[in-house]
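Notes for the structure review
If you want the building blocks of each chain, they are given just below.
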Amino acid sequence: MITIARLLGSKKEGFQLWKLVCLVSFVVSGFSMQAQNTITGTVISGEDQSPLPGASVMVKGTSVGTSTDFDGNYSINVNKGDVLEFAYVGFVTQEIVVGDASVINVTLEVDATTLDDVVVIGYGAKKKSDLTGSVAVVEVEEAKKNITHDVAKMLQGQVAGVTVQSSGEPGGFVNLKIRGISSFRNNNPLFVIDGMLVDNPYDFAPGEIESIQVLKDASSAAIYGVRGANGVVIITTKKGKEGKLSVKLKSMYGFQTVPKEIPLTDRVGYQTITNAAYINSGQSILPGNDPSSSYFIDDVDTDWQDAAYTTGEVQNHSVSFSGGAESLTYNMNLDYFKNSSYVDTPQDYERLSTIINLTGEKGKFKYGAKVGYTSSDKENFNEYLAGTSSVINLLQAIPTMPVYDENRLGGYGGTDNFTQRAITLNVIGFNRLLENTTERKRFIGNVWTEVEVLKNLKYTFRASADRLDEMNRLYNPESDLGWYYITTADEASLNVNNYAQTTTILDNLLNYDIEVGKHKIGALAGVIQQRVKNYNHWSRGVGYSYGTIPHLEYADSQSAGEYEDEITTLSYLSRLDYSFDDTYMLTFNFRQDKSSLFTKKNNAGNFFSFSAGWKLHKTFELPEWFSTLKLRGGYGELGNNTIGVYEWYNRVNSFASYDFNDELAPGTTVVEITDSDIRWEVTTTTNAALEFGMFKDRLTFTTEYYLKTSDDLLADVPLPYSVGVVPLSITTNAAKVRNSGFEFAATYQDNPSENFGFSVSANIGTLKNEVLSIGDDDLPIYGVNSKTEVGRSIGELFAYETEGLFQSQDEIDNHAFQSGAQPGDVKFRDVNGDGLITDDDRTFQGVTIPKISYGLNFSCNYKDFDFSMFWQGAAGHKIYNGTYNSLMIGGLLNHHEDMLNFWTPDNTDTNIPRPDVLEINQNARASDRFIEKGDYIKLQNVQIGYTLPLNENKYVKRARVYAQGQNLFAITGYRGYDPDFMSDGLFSRGYDFGSFPNPRTVSLGVEVDF
C-alpha cells in the first residue's frame, strides 16, 4: 500500500487511500491483546515547515498504521521497540524506533530521488524519468537566493547551456541566451508563465515562483513552434493548498557597493600627461594646466569615482496568503522591491506587484484563475549622445572640473574652452538635472477550466490577457554644464511617449491518455489563437526657460504623432507520447503557425520534432549501486518570426516631385527596397544524452551533445549604389549559423545523520559558434572592433596587431609606412606585407562568446543552521576593453594611471606610447593593446541562515533569519570593472564600453510563517 500511495500524484488522493488503509489496520489491530502505548506527534515538511496532511505513519513489517490529519497530527498505538515508518509522496521515508517517549515529532525532507518529480513541459506535464527531450529543471530555491528584479538573472550559472549578461543598473535589462546565437536579430527565449506566453519576465516578482524548466532543444520546444527557436523558459507560480490560512512573510534589506575602482590620474597626473600631449604635438600647453599662468588650476582635484559612487540600497518585502478547500484554493502574494543606485544620482528602480492564483476541483471539473498586477517606476541614466556611456563619461571627467559650481546655470560644474578645452561631461550634474522616467503598469490574467468529457479524454480551455502600459518622460532643462554642454532655453525639451500593448490568447486543448497492458499512450491536440495590438503616442515640446513647469502646454512649440499595428497568429499543435513497459519512450510534436507578419504565400510555418528514450536499467542488469540509466535523443525544427510589421512592404515617398516639361509634377518614388518573399527563420536541432542515477539516486549525472543549426536568418545584404535607396541594403533570408557543444550536469545529495544534510550540484557547458553563410556573396558584417564572417564565430574581435613602440627614426624608416609615426609611437604589424599600415592589416583576435560556462551550488544544514554558496564563471573568450581604451588616449580627457609611464627619450623601457593630443599615429586605435582574456570565476552568493527554535504556539510556525553576500569577489585578470558585462550580445558582444559594474551586495533577511 505504501508503494501505491507514493505513485499517486496528489495529496488528496494519497490522503483518501491512507484513510482506507488506516481504517482496515485499526479494525485488525483492535483484536490485538498486547499491551500498547499511545504515541502522538506532528509530521511537517523540512522544506518550509508546513504540516503534511495524509502522511503515512506505519509500524514497520505490519499493516498497523494511521495517517496525519489536516494539521499533520497523528496518534497511534504501538509497542516499545516497534519501528515507525513515516512516509509522504515526494519525501524521504524516515524510520524511528519507539522508546519511552510518548510524543514523536517528525520532519520529512524532500526526496533526493527526483526522477519521479512531475516536470512542466509545453501544454502539459511529465514525470522527469519519462522525459525524452532536453529539459533542465532549475533548483528554484537556490536560484531565488540571487537578489534581482528579473527572473532571467536568476538563471545565471544554474543551467548548462544558458548564458546571462547583466549590469548593475537598477532595473536594467538582462540578456539571456540558450545554447548560443541562433539569429542576427532577437535571441531571447520565450517565457511561459502559468500558460501565458510573454517575451520577458521583467515585471514579475521572482519570490512567488514554484518551478522553472528550461526547454533547450526542438524535441521539447517544438510544441511552441515559431516562438521556440531560442528556447523556452517555463515558469510556474505557487498555488494554494488545502487547509487553514497560511501566512508567510519575507523581508530583506541590503547595501550595494562597486566592487573595484579603476585607477585614474589625479590633478597632477592629469596635467602632467595632458601637458606632454600638447608639447609632443608642438602646441602650447593650456592655461588651466600651465603652472606659470594666472589661470592655472590647482585648487580643484575631483576624484570622480569617489564623488559618484556611494552605497546603494536594495530591499524586498513580500507577504503571501494561502489556503482553501478542495473546491477552491487560493494563493495571494504582495511584493515590494526597491533598488537605489550606487551612483549618487536619482537613478533607481521601484516595483510593487501582486498576484492571485485560484484553483479548484468539483467532480469532473477542474478550474482556476490567475490575476497579476505590477506597477514600477524607473529613473533612467542619461546619455548626452546616443551610444555613449555614463560610466565612460564619468571616468573621463577631468579632475580640474568641480562637481558643483554655483556660478553656472543649474549649479553644477563644467569646463572652460579657454583654460581647459576638454569636452568632458559632469555625469553627476547631468543625471540630476535631467528627468528621465519610465512608468510601467502591467496586468496579466487568465481563466481556465478542464473537464473530463469522456473516460481518459480531457478538454482544457484557457483565456489569457496581458496588458502593458508604459510612459517614458524625458525633460532636458536649460542648463550650463561647461562650454560644450550648454542647453539653451530654445533647445530645452520635453519628450513624452505613451506605449500600450494588449495581448490576448485563447487555448483550446484536448488530452487523451490511456494505458493498455504495458502500453501507455498520450495524445494532445489544440488550437491557439493570439492577437497583439500595439499603440504608441508621442509628444514633444521644445523651448523652456529655466524654472518653467515641464509640461507640454508651456513649451514654445509642440509636435505629436501616433502609431498602431496589430499582429495575429493562429496555431495548430499536436503531440503523441508512447511508452512500452515503462522502458521505451517515443514523443512526436507537430505545430503549424500562421502569422500576419508575412505575406499570404509565406505566412504558414510547419514545425515538428521527434525524440526517444530508453531506460537501460530496466533492460540490462546493472551493478547494485547503479539506480537508473537512460539514453535519450531527439531531432526537430523550430521557427523564429523576428521580422517587423510590414517589413516586406516597399517604402515609397509619395511627395517626390519630378520635372515634366520644365514644371514640377507630383510623383512617388521608392526610398527603401524590401524582400516580399521573406520567410520564417528555421532552427534545426539534434541532441543525444545519457542520464545516470547512482547510490539510490543520491548521485545523478547527465551528459549531452547538441547540434543546433539556424537557417534562413534575416540579414541586411548590401546593395549597389546605383539602386539609389537608403539604407543601401535589403533585409532577406540570407544567413546560416551553427551552434554545437557538450553539457554536463551532476548533483549529489545526502543526509549522513539526522542533524546533517548536504547537496552539491554542478553544471558545465561548452559552445562552438560558426557562421555558415551570409547572403549570396558571403560579405562580412562589422561590429564595434569586430567582424562576423563565414567560417568564424559571430562577433569575433578584429583589430590591429602591435609590435611594441618605435624607439628611433631609423626603426620607423625600416618599417612599413605608418603615416605620422614618431619615436615613442605604437608600431603596428604589417600583416599583409604590402609595406603599408592600413585597415587591411587588421586580423581576427579571438572569439567573444565564452567557449565554456559553468556553475556550482553547495548547500548544507546542521540542526537549525543552514549554509549555501554559489560559484559561477566563464572561460575561453576575449574582451575588447573599451573602458581601458578610452582612458589610454593621452589627450584632453582623464587618463588611466598606466599612462603616467608614457614613453620619453629618457623612459624607453615601457609599453605606453607617448601622449599626443592630435593622435597623428592613432596610438589608441583598435588593437590588441586593449584585448584581454575574459575568463573569470565569481563567488556569486553566500548565505548562512538560522531557524529559530520556537515553543509550540498558535501563531508562529517557523522563523528564520539569514545573512547573505552577493558578488563577493571574482578571480580574473581583466582590468575593467567586471568581465561579466552588458553588451548587445551579438555582433559587438565582446565590446565593453562602460557597462555598469555588477554591485557587491551584503544583506540581512527574515522569513516568518504564521
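Residues numbered from 1 in each chain as written. Predicted model: local features only at pLDDT ≥ 70, side-chain atom pairs only at ≥ 80, totals over all residues. Heavy atoms only, no water.

1. Brief notes about the pairing of strand β29 (residues 584-595)
- Sheet analysis places strand β28 (residues 557-580) next to β29, joined by twelve bridges and oriented antiparallel. Following the sheet pairing, Leu-576 is matched in β29 by Phe-588.
- In textbook terms, the turn of a hairpin is the stretch between consecutive antiparallel strands, and for β28 and β29 this stretch comprises three residues, one of which, Asp-581, has a positive phi near 55°.
- Pairing between β29 and strand β30 (residues 604-615): eleven bridges, direction antiparallel. Note that in β30 the partner of Gln-592 across the bridge is Asn-606. (Pairing = 2+ DSSP bridges. Helix = DSSP H or I, 4+ residues; strand = E, 2+ residues; numbered from the N terminus.)

2. Some remarks on the nonpolar core
- Counting residues in each nonpolar core, the largest one holds 26 residues, and the members touching the most others are Trp-304, Tyr-309, Val-343, Leu-395 and Tyr-977.
- For this core, the secondary-structure elements that each account for two or more residues are α6 (267-280), α7 (304-308), α8 (390-396) and α9 (427-433). (Core = buried A, V, L, I, M, F, W, Y, C linked by side-chain atoms within 4.5 Å. Buried < 20%, exposed > 50% of the residue type's maximum accessible area, 1.4 Å probe, protein only.)

3. A closer look at the sheet that holds strand β41 (residues 781-783)
- An order of β41-β42-β43-β46 is seen for the four strands of this open sheet, with the pairing classed as antiparallel. Each end of this open sheet is capped by a strand with a single partner; those strands are β41 and β46 (843-846). Averaged over all neighbouring strand pairs, the angle between strand axes comes to 40°, with direction disregarded.
- Of the strand pairs in this sheet, strand β43 (residues 796-799) and β46 are connected by three bridges, and their pairing is antiparallel. Counterpart to Leu-797 in the pairing with β46 is Gly-846. (Axes fitted to C-alpha atoms, helices over the stretch in contact; angles between N-to-C directions.)

4. Some thoughts on unusual backbone geometry
- Although it is not a glycine, Asp-194 adopts a positive phi angle of roughly 50°.
- Take Asp-194: it is sitting in the loop between β13 (190-193) and β14 (196-198).
- The backbone of Asn-967 shows a phi angle near 55°, a positive value even though the residue is not glycine.
- As for its position among the elements, Asn-967 is in strand β52 (residues 958-972).

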